[in-house]
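Now for the letters of each chain:
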2 protein chains.
Amino acid sequence: MIILSGGTGTPKLIDGLRQLLPDEEMTVIVNTGEDIWSSEVFISPDIDTVLYLFAGILDKNKWWSITGDTYNTYNQMKELGRFEILMLGDRDRAVNLVRTDMLKKGLTLTEATAEISESFGIRAGIIPMSDDVVTSMIETPGGQMHFQEFWVTHKGMPDVLSFEYRGIGEARLSPAAKEALEKDDCVIIGPSNPMTSIGPILALPEIKEILKTKKVIAVSPIIGKEAVSGPAGKLMAAKGLDVSSKGVAELYKDFIDIFVYDIRDGVLNPEEIEKMGIKAVALDTMMTDEEKRMNLAKEILMLFR
Amino acid sequence: MIILSGGTGTPKLIDGLRQLLPDEEMTVIVNTGEDIWSSEVFISPDIDTVLYLFAGILDKNKWWSITGDTYNTYNQMKELGRFEILMLGDRDRAVNLVRTDMLKKGLTLTEATAEISESFGIRAGIIPMSDDVVTSMIETPGGQMHFQEFWVTHKGMPDVLSFEYRGIGEARLSPAAKEALEKDDCVIIGPSNPMTSIGPILALPEIKEILKTKKVIAVSPIIGKEAVSGPAGKLMAAKGLDVSSKGVAELYKDFIDIFVYDIRDGVLNPEEIEKMGIKAVALDTMMTDEEKRMNLAKEILMLFR
């Protein structure tokens, strides 16, 4: 099973899948468009979330960071008048320091991620979408800024005029991701932001063509006219897209087989999805507890049969 | 009052001086020969000890690091198979991150130290000996290594064939240190390792000539044939020096007025010091508690009268 992941929505679904599948049967291809250098380390937030999830140390209240982590370095820096763009826990910082050291020694992000995975005893595959730097840059009335600056520093408040995946022109799909895709026919596109979490992965060359040859199930992160969480709505609107599950389906229509939307969605007309040649399935996608995460995962696995 | 400092001996004496003098009357010129890049940050251990002492947060059990600091990043890195050369606490790491950020922005080490001092509300002057990089390198049978590698990683065990202050040829005394020395006539050379703590300061151009014009009191870090702490003995022997207070006095003889040695010293013949034109004074230099630190400081202040 291949899962395209980013943000916090897809990790919740992976958490459900883990109750049903052995970790070694899952390969997660992870967005790196939100990666950022901060405090001398290279932070890959979406990779870390997946790492911590499989390592069994993810903080499942926030769906990022290590559970029980302390913030002593962060707080001391704040006392000295320095504000880190990302609130990095002390153990989290260690992981990022180890990664940075590996990258500086010449390892690719794929290799570094594999090595850190191994140190954590993780048996799932965790593969960055690319070893090249791709950065989601948001154009606001106050100027262009890194996604993290928009989302964390400015709390997603500025108007979004447009955005781009800087570096995407020169970026290639990670060879390990390509290899994993060659070996597996089932792909889940998780309920993550289609603009900044899934978008960068899909913007890489080859990936859409590869997905066309697979059985692909996508889960919508939008219910009605609202994103379940995060800035997906604002960013979709900036691209002139309909902020709705239909809008998401349109983004994915060329390469998905099944589109899962929420049973609460009062806006989507499934016939419009079927008209695109895609099977539409209404499920409970609000994964608010362990059981609901497993149930959604179970339904999705059944759809592959 | 100017104090030349490094290691842990002189900070103890400064701790005593603080019970007698307002902080703003002290300027500490600090060894930077043990500075090192580790885990992406520029660590200046001798400066940090003095910073934490004046900030009131120094761990006075170890005489380095912040009292009550945690080691969560360090320990997590260790769990991932990475051993940091220096055991950096989480709050300590924050200070080093802030310094590194300042240096990367183009501040000198003197400027960065002043800014960090100010953030801590410190009123004493803390000045690195130089803004240029000087590194104590130890030649061992196993090859040349940074002082920290010799002392921390190898616990000071390897034989010392020789050592050098790499970069000393191009290094200049920090202009702020020079300015402070111009304004003050009293200098204490603390009981720190004369090779790796005081040695690099004295190896800078100009400093010895300046000290000749001052009233200088040096405190020996050696009692009998043994250093009170640290690798001073081994390093002095490597330079062919007598491991004794007399050996220390010989290093300082051209520019000190008074030489303080320990009352327990059964080896030193004070007449040999007097013969160098230096007044020899026996005091209790074992600063094992607050009161003893203050007493030694008081005696030294009286010697300046």
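Note that the structure is a prediction, hence the values are computed from the model and not measured. (Residues numbered from 1 in each chain as written. Chains lettered and ligands numbered in written order. Predicted model: local features only at pLDDT ≥ 70, side-chain atom pairs only at ≥ 80, totals over all residues. Heavy atoms only, no water.)

### Points about the relation of the copies chain B and chain A
Both copies of the chain are related by one operation, a rotation about an axis with a shift along it.
Here's step 1: In screw terms, the move from chain B to chain A is a rotation of 180° and a rise of 0.0 Å along the axis, fitting with an RMSD of 0.0 Å. Here the symmetry operator amounts to a two-fold rotation axis. For chain B, the smallest separation between a C-alpha atom and the rotation axis is recorded for glutamate 40 of chain B, amounting to 3.0 Å.
Here's step 2: When you check the interface residues of chain B against chain A, 100% turn up at the interface there too, and the contact is symmetric in its surfaces. (Least-squares fit on C-alpha atoms with pLDDT ≥ 70 in both. Contact = heavy atoms within 4.5 Å.)

### Some remarks on empty space enclosed by the protein
Here's step 1: Enumeration over the complete set of coordinates arrives at 1 cavity of 30 Å³ or more.
Here's step 2: Approximately 40 Å³ is the volume attributed to the largest cavity.
Here's step 3: As for the largest cavity, its lining consists of Ser39, Glu40, Val41, Arg93 and Leu97 of chain A together with Ser39, Glu40, Val41, Arg93 and Leu97 of chain B.
Here's step 4: Among the residues making up the lining of the largest cavity, the classes are represented as 4 nonpolar, 2 polar and 4 charged. (1 Å grid on protein atoms, 1.4 Å probe; cavity = no way out; pocket = protein on both sides within 12 Å on 5 of 7 lines; lining within 4 Å. Points joined across faces, edges and corners; volume = space filled by probe spheres on them. Nonpolar A, V, L, I, M, F, W, Y, C, P; charged D, E, K, R; others polar.)

### Observations regarding the interface of chain B and chain A
Here's step 1: Counting residues at the interface gives 25 residues for chain B, matched by 25 residues for chain A.
Here's step 2: Where chain B abuts chain A, roughly 2,300 Å² becomes buried across the two surfaces, and 59% of that area is made up of carbon and sulfur atoms.
Here's step 3: Its largest share of buried area at the contact with chain A, chain B owes to Glu40, Leu80 and Arg82 of chain B, together 29% of the area lost on that side.
Here's step 4: Linking chain B to chain A there are 6 salt bridges.
Here's step 5: Where chain B packs against chain A, one counts 12 residue pairs in polar contact (both at pLDDT 80 or more).
Here's step 6: Secondary structure elements with two or more residues in the side of chain B that touches chain A: helix 3 (72-79), helix 4 (90-104) and helix 5 (109-119) of chain B.
Here's step 7: Here the side of chain B that touches chain A takes 11 residues from helix 4 of chain B, the largest share from any one element.
Here's step 8: Among the residues forming the side of chain B that touches chain A, the class breakdown is 8 nonpolar, 7 polar and 10 charged. (Buried area = accessible area lost by both parts, 1.4 Å probe. Salt bridge = Lys/Arg side-chain N within 4 Å of Asp/Glu carboxyl O. Polar contact = N/O pair within 3.5 Å; in protein donor to acceptor, adjacent residues only side chain to side chain. Helix = DSSP H or I, 4+ residues; strand = E, 2+ residues; numbered from the N terminus.)

### As for the packing of aromatic side chains
Here's step 1: Going through the model one piece at a time under the given rule, you end up with 12 aromatic pairs over all chains.
Here's step 2: Here phenylalanine 147 of chain B and phenylalanine 150 of chain B contribute two aromatic rings whose centre-to-centre distance is 6.3 Å and whose plane-to-plane angle is 50°, an arrangement assigned as tilted. You can see phenylalanine 147 of chain B and its partner phenylalanine 150 of chain B sitting in helix 6 (residues 147-153), 3 residues apart, about one turn around the helix.
Here's step 3: Measuring from centroid to centroid gives 6.1 Å for tyrosine 252 of chain B and phenylalanine 255 of chain B, while their planes differ by 45°, and the two rings are tilted. The pair formed by tyrosine 252 of chain B and phenylalanine 255 of chain B is uniform in burial state, with each residue classed as buried.
Here's step 4: Within the aromatic cluster, the residues linked to one another by ring pairs are Phe147, Phe150 and Trp151 of chain A.
Here's step 5: The ring of tryptophan 64 of chain B has lysine 62 of chain B sitting right over it, with the charged end atom 4.1 Å from the ring centre. (Phe/Tyr/Trp six-rings, centres within 6.5 Å; stacked < 30°, edge-to-face > 60°. Buried < 20%, exposed > 50% of the residue type's maximum accessible area, 1.4 Å probe, protein only. Lys NZ or Arg CZ within 6 Å of the ring centre and 35° of its normal.)

### Details of the sheet that holds strand 6 (residues 135-140) of chain B
Residue and element names in this part refer to chain B.
Here's step 1: Taking strand neighbours across the sheet as the criterion, the 3 strands line up as 7-6-8 in an open arrangement whose pairing is antiparallel. The strands lining the two open edges of the sheet, one partner per strand, are strand 7 (143-146) and strand 8 (162-166). Sheet twist, expressed as the mean angle between neighbouring strand axes with direction ignored, is 25°.
Here's step 2: Note: strand 6 against strand 8, 5 bridges, orientation antiparallel. (Pairing = 2+ DSSP bridges. Axes fitted to C-alpha atoms, helices over the stretch in contact; angles between N-to-C directions.)

### Thoughts on the sheet that holds strand 2 (residues 27-30) of chain A
Residue and element names in this part refer to chain A.
Here's step 1: Taking strand neighbours across the sheet as the criterion, the 7 strands line up as 5-2-1-9-10-13-14 in an open arrangement whose pairing is parallel. In the strand order of this sheet, the two ends are held by strand 5 (125-128) and strand 14 (279-283), each with one partner. Put simply, the sheet's adjacent strands are angled 20° from each other on average, direction ignored.

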